[in-house]
Amino acid sequence: MGVFGTIWGNLRKGMAVALRPTNLIFAVAVLAVLGSAIFADIQNRTIQEQQLRALVSRQVSVLSTRLEGNINGNMQLVRGLVATLVTEPGMGQTRFTRLASQVFKENSQLRNIAAAPNLKVTMVYPLAGNEAALGLDYTKNEAQRAAAYRARDGRQLIIAGPVDLVQGGQGFVGRFPVYTGDQGQENFWGIVSAVVDAQQLYADSGLVDPDLDLDVSLRGRDGTGFSGAAFFGTPGVIADRPVTAEVRLPTGSWQLAARPRGGWAAGLPNPLFFRLLVALASALIIVPLLIARFLIGERQKHIRTLGERERQLDVVSRRLGLALDTSEVGVWEYNIDTDTLVWDDRMNDLYGQPKDGKSRTYHHWRDALHPADQKHAQADFADAIKSRGRYVSEYRVRLSDGTERHIRSIGNCYRDRDGSSRIVGVNWDVTADVVIKQDLERAKALTEARNAELIAATARIEHTSLHDALTRLPNRRYLDRILEERAARCAESDNGGLALLHIDLDRFKEINDTLGHAAGDSMLVHVAEILRKNVREDDFVARIGGDEFVIVSGLGKGRRDLSRLATRIVEQMREPVPYMGYECRCGVSIGIAYQRGPKVDDKRLLMDADIALYRAKRRGRNRHEFFTEALQAEIVSSKQMADDILAGIEQGQFVAWYQPQVDGRTRQIAGVEALARWEHPTRGIVPPDVFLPIAEDLNVTATIDRMILEQTLAWMKVWRSKGLAIPHASVNVSGRRLRDENLIKQLRKLDIEPGTISFELVESIYLDERDDMVTWNIDQLRELGIEIEIDDFGTGYASIVSLLQLQPRRLKIDRQLVNPVRESEAQRRLIASIVDIGHSLGIGVIAEGVETEEHARIVTELECDMLQGYAISKPLSPDKLERFVAGWQSQIAAA
């Protein structure tokens, strides 16, 4: 009720003031004058607006006529082309272009024309810039299908738009359905679409003329008339009582709406002068009345103000007393001249004095002060009295019971009416605030100490995150940061440059595997020390991986300095490192890349150094190599070859070719060797010496071996069914596949007839100390009936012990030993010795590389069991091999 009571009271007061006689008379006079002025102004504005609407209507009529003529004219131009299409339904792009170009020579707003026989765009003009439209099928295009069907089913021109064009801008699309044949047998041929440039249409129709003093708007998208959405013009025109006109289209219509530019108010003459005249006349009547009313009101106001001030003073006095009681603030006044001190009850309570209303003196205050605070408290008070200014002080008081309080005192000096100098002020107890402040200060000190510890811990964490714990070298994250900084520094100088050495340890895994990870860690620490000792002071050394290090260096004297640095590191790393009685040896391979000038690409520098490192390892390790553009091209070529190999495996491009082997005595076909060939789609037949090194890096040689074996098994069945006498086929097998623990399981799934397949192993696969998995797999191969042959015998590491352990079915003498037998007696004796050893162990001997009849005669005389080489045949595809074997058998039979 309090709030509503206040509102009701104020309302009653306001009504009482308003209903005073003087106010009523003045209000009636003012209302009469203002009413007359407003009526005159409205009449004046109404007449002006009627004249303005007539002017706007004439302009709108002209604009609608232009717009209607332009859009219909464009459609009429296209109708001629449509009529030609009706008579020439088989029209091609050339004829279409010639006719359409004639249409475009006319003054029009056409942007392009497209013809879509059977609702698929096959012709368009102009072609340049609209190639993407060719082939557009309206039946499959969600955005175009409905409009195309509407034109076809309605059998009339349909104008749609405006639409956003792919080439940019907006346009109106007119779709003409084309029907061919006689009147009774019309066939739907397709649609001709004409695009009218919306902006050009607006410009040629005068809608965007800068001299046009109208705001215009068009609505009726897709020809829907006044019920359609607005698509051009100034927003808000349609809602502002516009002048409208209908723009008739071949099908449908648009509505053109207009108003004066800026609105009807902006188009009307400035009413200021008329209103000034009306205002002046009104003022001559109102001003005298206003003066009289003001003088009467001022007198009444003064009377009310005096009463209000008396009431406010009473309220302030009561509020001040209540505030002092609530805040527990003590009020005091000191007469400087008489040394009289007046305290209220709260002051007596603060200082432990009785509330007896008696006067106090300066000594009562001084004696209550804490001994430690007496000096500065009295000095503050004396300074205030001396300067007759503001007094502010804070001190402690000690009561008779020993209680201590913190007091804050504020006062100000003034001169009373009797001429005496006085100072009045307040005191309040701030003990709780002081305690809180002290607690906060202790907490702040503790927080600052903990913050310092946190900063130190953060620094340690940051250092740890940027350094390798083992070698104490910066890590990859730190390297990335340094590379960015150094690259940015190079950008500030045209003569700058940056070099990067990528270092990788050789044989590090062997140390870890044989002596344990502790030895590997010791070696890494040793490497870090060597790198630190050899780099310059401003060089940066980082460990970025298990056994990888990077040195970031300035170019200095260029390539020569970098080469010297790398050579020193390689030479020092060749020295043995003692570890628990062992001498560990671990070389390094180094890839070097550098860039000159201000534009240093740190990411590219890392990749280039890595490529150079790869080259160093491929060339024998324990060396350094510089990155070059030629090396980059080689790596790219190898990468392309690797991608092609993987794709070739997926697409079955690796096929088996076969080189015949014949009996040394009878010359009958004794078998074939399956050789991998790559039928590359662009390079043709690729031999294995080109792709096998990369295939080994990709770890896919075992996959290729398996593909060749499966193809050979399939062809063996085909040859047997055709009666071709090919007793067995030998297939190469890689060391990686022999170490595959799933090899035997895979072979058991294949239909391998015992004694028909041999696996050729190179000497490097089996040393005297062989891998257990290789040994087990070879034993299982024998159980499956797969024979073992040794390839390239005489060039590797095999020993007599190896032959005894392996017990191969045959060994193949390498072509390097066979080739010189025509000229070298020593070479013939060597081959004879190999044959004797093989025969003594029950091993058949194949002479590989028999290139001439002379070779064949000699190795036959040396008792080689089988011959293979170009003297018999080069490697052949399966179909050519069939023809060769058939011809060879006929030749042997005839002999």
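These remarks concern the structure in this document. Note that the structure is predicted; figures quoted are calculated from it, not measured.

What follows concerns the overall build of the protein chain. When its secondary structure is counted, the protein chain shows 27 helices and 30 strands. For the protein chain, whose C-alpha radius of gyration is 54 Å, the value lies well above the compact-globule estimate of 29 Å for 895 residues. Dimensions of the protein chain, computed from the C-alpha atoms along their principal axes, are close to 155 × 115 × 60 Å. Split into buried and exposed, the 895 residues of the protein chain put 42% on the buried side. When contacts within the protein chain are restricted to residue pairs at least 6 apart in sequence, those whose partners lie at least 24 apart make up 62%. Here the protein chain has roughly 48,600 Å² of accessible surface; of this, 54% comes from carbon and sulfur atoms. Side-chain charges in the protein chain split into 112 positive and 118 negative, and the spacing between the mean points of these groups amounts to 8 Å.

With mixed pairing, the five strands of this open sheet are ordered in space as β16-β17-β15-β20-β21. This sheet does not close on itself; its edge strands, each paired only once, are β16 (540-543) and β21 (624-626). Averaged over all neighbouring strand pairs, the angle between strand axes comes to 20 degrees, with direction disregarded. Pairing analysis gives nine bridges linking strand β15 (residues 497-505) to strand β20 (residues 588-596), with the strands arranged antiparallel. Looking at β20, one finds that L505 is bridged to V588. Relative to the sheet, helix α15 (residues 559-573) contacts β15, β17 (548-553), β20 and β21, its axis offset from that of β20 by approximately 165 degrees.

What follows deals with the pattern of salt bridges. Using the criterion set out here, one finds 49 salt bridges in the structure. The salt bridge involving D439 is made with R442; its shortest N-O contact spans 2.1 Å. With D439 and R442 both in helix α11 (residues 431-466) and three residues apart, the pair spans about one turn of that helix. Relative accessible area serves as the criterion here: at 37%, D439 is assigned to the partly exposed category. Among the salt bridges present, the one from D643 reaches K639, with a minimum N-O distance of 2.9 Å. With D643 and K639 both in helix α17 (residues 629-650) and four residues apart, the pair spans about one turn of that helix. Accessibility expressed as a relative area gives 49% for K639, which makes it partly exposed. A single network of salt bridges, built from pairs that share partners, joins E333, D416, D418 and R422.

Turning our eyes to something else, we now look at the pairing of strand β12 (residues 390-398). In regular strands, side chains alternate between the two faces of the sheet. Going residue by residue along β12, you find Y391, S393, Y395 and V397 tucked away on one face and R390, V392, E394, R396 and R398 left uncovered on the opposite face. Hairpin remark: β12 followed by strand β13 (residues 404-415), antiparallel, with five residues in the connecting loop; positive phi at G402, about 90 degrees.

Bringing the nonpolar core into the picture now. In terms of nonpolar packing, the biggest core is built from 71 residues, with I645, L747, F759, I813, C864, L867 and L881 touching the most fellow members. No other element matches the seven residues that helix α19 (residues 701-721) contributes to this core. Apart from residues no more than four positions distant in its own chain, L881 is found in contact with Y658, P660, V672, W719, I726 and L876. Counting residues in each nonpolar core, the second largest holds 49 residues, with L81, M123, L207 and W254 among its members.

Looking at the secondary structure, you find G220 in the loop between β6 (214-219) and β7 (230-233). Considered as a pair, G220 and S563 are 343 residues apart in the sequence and their alpha carbons are 79 Å apart. Beyond its immediate stretch of four places on either side in the chain, G220 contacts G225, G228, A229, F231, S253 and W254.

Over the atoms rolls a probe the size of a water molecule, and its path tells where empty space is left. Taken as a whole and assessed by the stated rule, the structure comprises one cavity of 30 Å³ or more. Roughly 120 Å³ of volume is contained in the largest cavity. Lining the largest cavity we find 13 residues, and of these W332, L341, W343, W365 and F381 sit closest to its centre.

Here we come to the side chain of H502. Structurally, the position occupied by H502 is in strand β15. At a separation of 2.6 Å, a polar atom in the side chain of H502 contacts the side chain of E548.

With that out of the way, let us pick up the sheet that holds strand β5 (residues 187-197). Taken in spatial order, the five strands of this open sheet run β2-β1-β5-β4-β3, and their pairing is antiparallel. Looking at the sheet topology across the chains shown, the edges are occupied by β2 (123-125) and β3 (158-164). When strand polarity is set aside, the average angle formed by the axes of neighbouring strands in this sheet is 20 degrees. Where helix α4 (residues 142-154) meets the sheet, its contacts fall on β3, β4 (170-180) and β5, and the angle it forms with β4 comes to roughly 45 degrees.

With that settled, the discussion passes to the layout of surface pockets. For the largest pocket, the calculated volume is near 990 Å³. Elements supplying a minimum of two residues to the lining of the largest pocket: β23 (669-680), α18 (688-697), α19, β25 (729-732), α20 (735-738), β26 (757-762) and β27 (787-793). Partitioning the lining of the largest pocket into residue classes produces 15 nonpolar, nine polar and 13 charged.

The next thing to look at is the packing of α17 against α18. Between α17 and α18, the shortest axis-to-axis distance is 10 Å and the interhelical angle comes to 85 degrees. The angle between α17 and α18 places the two elements in the roughly perpendicular class. Facing α17, whose interface residues are S638, M641, A642 and I645, α18 presents V690, F691, I694 and A695. Of the residues belonging to the contact of α17 with α18, the class tally is seven nonpolar, one polar and no charged.

Moving on, we come to helix α26 (residues 853-861). Looking at α26, one finds that the buried residues are H855, A856, I858 and V859. Contact partners of the buried residues in α26: α24 (815-818), α25 (825-840), β29 (844-848) and β30 (866-868). Positive phi shows up at E863, right after α26, with a value of about 70 degrees.

Looking at the secondary structure, you find R150 in helix α4. Residue R150 is classed as partly exposed on the basis of its relative accessible area of 42%. It is 75 Å that separates the C-alpha atoms of R150 and A725, two residues lying 575 residues apart in sequence.

Conventions we followed
Every chain is numbered on its own, with residues counted from 1 as its sequence reads. Only residues with pLDDT of 70 or above have their local features reported here, since the model is predicted, and side-chain atom pairs are shown and tallied only from 80 upward, although totals for entire chains, interfaces and linings are computed over all residues. Working from all heavy atoms in the structure, the side-chain values ignore hydrogens and water. Helix numbering and strand numbering both begin at the N terminus, where a helix is a DSSP run of H or I of at least 4 residues and a strand a DSSP run of E of at least 2. Throughout, the radius of gyration refers to the C-alpha atoms, and the reference size of a globule is 2.2 Å times the residue count to the power 0.38. Working definition: with a 1.4 Å probe on protein chains only, accessible area under 20% of the residue-type maximum means buried, over 50% means exposed, and in between means partly exposed. Should any heavy atoms of two residues lie within 4.5 Å, those residues are considered in contact. Exposure was quantified through the Shrake-Rupley algorithm and a 1.4 Å probe, taking into account, for residues, occlusion by the shown protein chains and nothing else. Residues scored as positive are Lys and Arg, those scored as negative are Asp and Glu, and His as well as the terminal groups of each chain are ignored. Here the site of a charge means NZ on Lys, CZ on Arg, CG on Asp, or CD on Glu. Should DSSP find at least two bridges between two strands, the strands are taken to pair. What counts as an axis is a line fitted to C-alpha atoms, over the stretch in contact for a helix, and the angles between N-to-C directions run from 0 to 180 degrees. A pair is scored as a salt bridge if a Lys or Arg side-chain nitrogen falls within 4 Å of a carboxyl oxygen belonging to Asp or Glu. Take the buried residues of types Ala, Val, Leu, Ile, Met, Phe, Trp, Tyr and Cys, join any two whose side-chain atoms come within 4.5 Å, and each joined set is a nonpolar core. Grid spacing is 1 Å over the protein atoms alone, the probe is 1.4 Å, and a cavity is where that probe fits but cannot get out, while a pocket is an open set with protein on both sides within 12 Å along at least five of seven lines and lining residues have an atom within 4 Å of a point. Grid points are joined across faces, edges and corners, and a volume is the space filled by probe spheres set on the points. Two N or O atoms form a polar contact when they lie within 3.5 Å of each other; inside protein one atom must be a possible hydrogen donor and the other a possible acceptor, and for residues adjacent in sequence the pair counts only when both atoms belong to side chains. Following the grouping adopted for this structure description, the nonpolar residues are Ala, Val, Leu, Ile, Met, Phe, Trp, Tyr, Cys and Pro, the charged ones are Asp, Glu, Lys and Arg, and the polar ones are all others, Gly among them. Small angles under 35 degrees read as roughly parallel and large ones over 145 as roughly antiparallel, with 65 to 115 read as roughly perpendicular and the rest as oblique.

Purely spatial values, then, with no claim about function.
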